[in-house]
Amino acid sequence: NIIVLGASYSGLSVAHNFLDDLEPRLSALGASNYRLVLVSPSTHFFFNIAAPQALVSPSLIPHHENRPRSPKGRRSSTLSDNLFVPIQPAFAKHPFSRFTFMHGQATEIDHKTRRVTVQVDRTNPVQQIPYHALIIATGSSSHSPLLSLHDTTLKALREFYHKLKNATHIAIVGGGLSGVEIAAQIAQYFDQKRVERSKRRITLISGGTQVLKKLEPSIGKQAEKRLKTLGVHVLPNVRAQTLTRKTRSVECDLDNGQVLSADEVILATGVCPNTRFLPIQVCDKSNYVITDETLRVHGIGDRSYAIGDCASYSDNHILDVYDAVPVLVNNLYKDLLEYQLENSGLESHLKLRNTLEDLRDERYRRQRSTDTGMLLAPMTKYGGVGSVFGWHVPSLMVYLLKGRKYRIDSV
Ligand SMILES: Cc1cc2nc3c(=O)[nH]c(=O)nc-3n(C[C@H](O)[C@H](O)[C@H](O)COP(=O)(O)OP(=O)(O)OC[C@H]3O[C@@H](n4cnc5c(N)ncnc54)[C@H](O)[C@@H]3O)c2cc1C
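From a predicted model like this one, the values you see are computed outputs, not experimental measurements.

Notes on the pattern of salt bridges
Inspection of every chain in the model, using the stated rule, returns 15 salt bridges. With its nearest N and O atoms 2.4 Å apart, the salt bridge here joins Arg200 to Asp191. Here Glu251 ties to Lys246 by a salt bridge, and the two come within 3.9 Å at their closest N and O atoms. On the basis of relative accessibility, which here comes to 28%, the residue Glu251 falls in the partly exposed class. Each of Lys163, Arg245 and Glu264 takes part in a single network of salt bridges with overlapping partners.

Overview of the sheet that holds strand S17 (residues 264-267)
Ordered in space as S13-S12-S11-S17, the four strands form an open sheet in which the pairing is parallel. Each having just a single partner strand, strand S13 (232-235) and S17 make up the two edges of the open sheet. Within this sheet the neighbouring strands show an average axis-to-axis angle of 20 degrees, counted without direction. The pairing of strand S11 (residues 169-173) with strand S12 (residues 201-205) spans five bridges and is parallel. Its bridge partner being in S12, Ile172 is matched across the sheet by Leu204.

Overview of the domain arrangement of the protein chain
In terms of domains, the protein chain is made up of domain 1 (2-43 + 87-143 + 272-359) and domain 2 (153-269). For domain 1 and domain 2, the distance between their C-alpha centres works out to 38 Å.

Thoughts on the sheet that holds strand S7 (residues 115-119)
Spatial ordering of the open sheet is given by S6-S7-S8, a layout of three strands whose pairing is antiparallel. The open sheet has two edge strands with one neighbour each: strand S6 (105-110) and strand S8 (127-130). Recorded for the sheet is a direction-independent mean angle of 30 degrees between the axes of neighbouring strands. Where S7 meets S8, four bridges bridge the pair, whose relative direction is antiparallel.

Considering the nonpolar core
Membership of the largest hydrophobic core comes to 115 residues, with the highest contact counts inside it found for Phe18, Leu38 and Ile186. When residues in this core are grouped by element, the largest group, nine residues, is from helix H7 (residues 325-343). The residues that make up this core include at least three from each of domain 1 (2-43 + 87-143 + 272-359) and domain 2 (153-269). Contacts of Leu38, omitting those with residues within four sequence positions, involve Val4, Gly6, Ala7, Gly11, Leu12, Ala15, Ile87, Phe91, Phe99, Thr100, Phe101 and Met102.

Some points on the packing of aromatic side chains
Geometry of an aromatic ring pair is reported as the spacing of the ring centres plus the angle between the planes. Applying the stated criterion across every chain yields a total of six aromatic pairs. Between Tyr9 and Phe45, the aromatic rings sit 5.0 Å apart at their centres with planes inclined by 85 degrees, giving edge-to-face as the arrangement. In this pair, Tyr9 is assigned in helix H1 (residues 9-28) and Phe45 in strand S3 (residues 44-46), connecting sequence segments 36 residues apart. Classification of Phe45 by relative accessible area gives buried; the value is 9%. Over the face of the ring belonging to Tyr333 we find Arg25, whose NZ or CZ atom lies 4.1 Å from the ring centre.

A word on the side chain of Glu23
Relative to the helices and strands, Glu23 is located in helix H1. A distance of 3.1 Å separates polar atoms of two side chains, one belonging to Glu23 and the other to Arg98. Beyond its immediate stretch of four places on either side in the chain, Glu23 contacts Phe18 and Arg98.

Description of the site of the ligand
Lining the immediate surroundings of the ligand are 25 residues, of which Ser8, Ser10, Ala106, Asp309 and Ile318 lie closest. The contact in question runs from a nitrogen atom of the ligand to an N or O atom on the backbone of Gly6, over 3.5 Å. Listed by contribution, the elements that provide at least two residues to the shell around the ligand are H1 and S6. Of the residues belonging to the shell around the ligand, the class tally is ten nonpolar, 13 polar and two charged.

Overview of helix H4 (residues 177-192)
Given a rise of 1.5 Å per residue, 16 residues ought to cover 22 Å, and the 22 Å separating the end C-alpha atoms of H4 matches this to within 8%. Buried residues dominate H4, accounting for twelve of its 16 residues. Downstream of H4 by a residue or two, Arg194 has a phi angle that is positive, lying close to 55 degrees.

Describing the pairing of S11
In terms of burial, S11 is a largely internal element, five of the five residues being buried. Alternating positions in S11 separate into two faces, His169, Ala171 and Val173 on one and Ile170 and Ile172 on the other, with burial throughout. Taking the sense of rotation as the criterion, the β-α-β connection linking S11, H4 and S12 turns out right-handed. Pairing analysis gives four bridges linking S11 to S17, with the strands arranged parallel. Residue pairing in the sheet places Ile172 in a bridge with Ile266 of S17.

Considerations on the side chain of Ser148
If you trace the backbone, Ser148 turns up in the loop between strand S10 (140-142) and helix H3 (153-166). Take Ser148: its relative accessible area is 6%, and that puts it in the buried class. A distance of 2.9 Å separates a polar atom in the side chain of Ser148 from the backbone nitrogen of Ser142. With residues up to four places along the chain from it excluded, the contact list for Ser148 reads Phe46, Ser140, Ser141, Ser142 and Thr153.

Reading the values: rules and limits
Residues numbered from 1 in each chain as written. Predicted model: local features only at pLDDT ≥ 70, side-chain atom pairs only at ≥ 80, totals over all residues. Heavy atoms only, no water. Salt bridge = Lys/Arg side-chain N within 4 Å of Asp/Glu carboxyl O. Buried < 20%, exposed > 50% of the residue type's maximum accessible area, 1.4 Å probe, protein only. Pairing = 2+ DSSP bridges. Helix = DSSP H or I, 4+ residues; strand = E, 2+ residues; numbered from the N terminus. Axes fitted to C-alpha atoms, helices over the stretch in contact; angles between N-to-C directions. Domains from an automatic or database assignment. Core = buried A, V, L, I, M, F, W, Y, C linked by side-chain atoms within 4.5 Å. Contact = heavy atoms within 4.5 Å. Phe/Tyr/Trp six-rings, centres within 6.5 Å; stacked < 30°, edge-to-face > 60°. Lys NZ or Arg CZ within 6 Å of the ring centre and 35° of its normal. Polar contact = N/O pair within 3.5 Å; in protein donor to acceptor, adjacent residues only side chain to side chain. Near = heavy atom within 4 Å. Nonpolar A, V, L, I, M, F, W, Y, C, P; charged D, E, K, R; others polar. Expected span 1.5 Å × (residues − 1). Right-handed = clockwise from strand over helix to strand, strands pointing away.

Below, the structure is given as structure tokens:
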């Protein structure tokens, strides 16, 4: 069993790469009999990049549990496809002996017996699955279920729309890309619904002196100007401390002693890694899995790897996933062949040895990079702010690259 934990950008990329590319190469060398087991608490992939847009676009979530997306390959011209994409149809061509989807959550790893404990659901006993190789791709979770996949995401989104229809005050905590984008989207929503500005309030509790502090200061200034034009009140240098849910409102205690009351408060305060099920010695002090440049994880046995948001090398951007996939997959290939060579019969021995010899000088390592890829916050119908590979991009480019369709048609 090659076990992949997590079925989002990282886990799905590794799984498809393994089945479509590695497995045929291994089979050709007589090293077959691998089964990929994909473990995921959700049967659907959630395209969280468009989550801020989904907050104001009910068409982006399924109205019925199984509303199908449009057929693969069709390029929709509107934001009509929802953000929940079923995982299993894309693996339908692989037989059960090669691919198994497990709807469950890893709760423990025993590296001595090389078994993962999976909680399939709360009523059934846990299952223990032995592994030959383990890929940890369990990502991170936002504090709000509206922004990353939690058990309650769909319900939370539906409830949020319901509230938004009659809301007069929405507060957003966090002045990063998501917070800025959400505040702007909600302002546009109110404008489209022709809610008078004097009758509604949007507050962005930014937590610092300026919004978007991870980007160039000029981009943050530009974002604040746009927020002001949209009627968003930015509260700088104030942090939220506690939230209290009342029957019809949410109260937020601020660290300046004030209490803010709103119809809804959205926490856009970053993410935490999903690594609680791992032994603490493999994680750093912020609970991210420590990998070396080859993406191997040390201390939990051979053929263990981590990729994406859960790993310490990542800055929690998509680029850190896609950069890493070829590195991980090639190192997995090498490690599987090495094991096979040590344990193979004479017949395939020579072929394996030659292949490994060819790979000997290949160093599959992730280059440390300062590239952040595309960090874009659509803010108005045809524009926004952001940077691409560190370069400040014009407003219209933000619309063309992200705001127009949120790349939903390509998911
Ligand atoms: C609102 C929002 C907007 C974003 N916008 C951008 C953007 O514009 N550009 C950009 O580069 N990045 C963006 N990001 C960051 C990007 O989404 C992440 O880098 C990306 O999701 C990382 O993918 P991943 O597969 O590593 O982890 P995740 O996407 O976090 O997926 C991890 C998966 O593992 C599953 N899992 C968790 N625990 C377990 C367990 N115990 N067992 C099994 N499975 C488990 C989870 O359910 C989930 O499906 C955004 C993030 C958010 C929240």
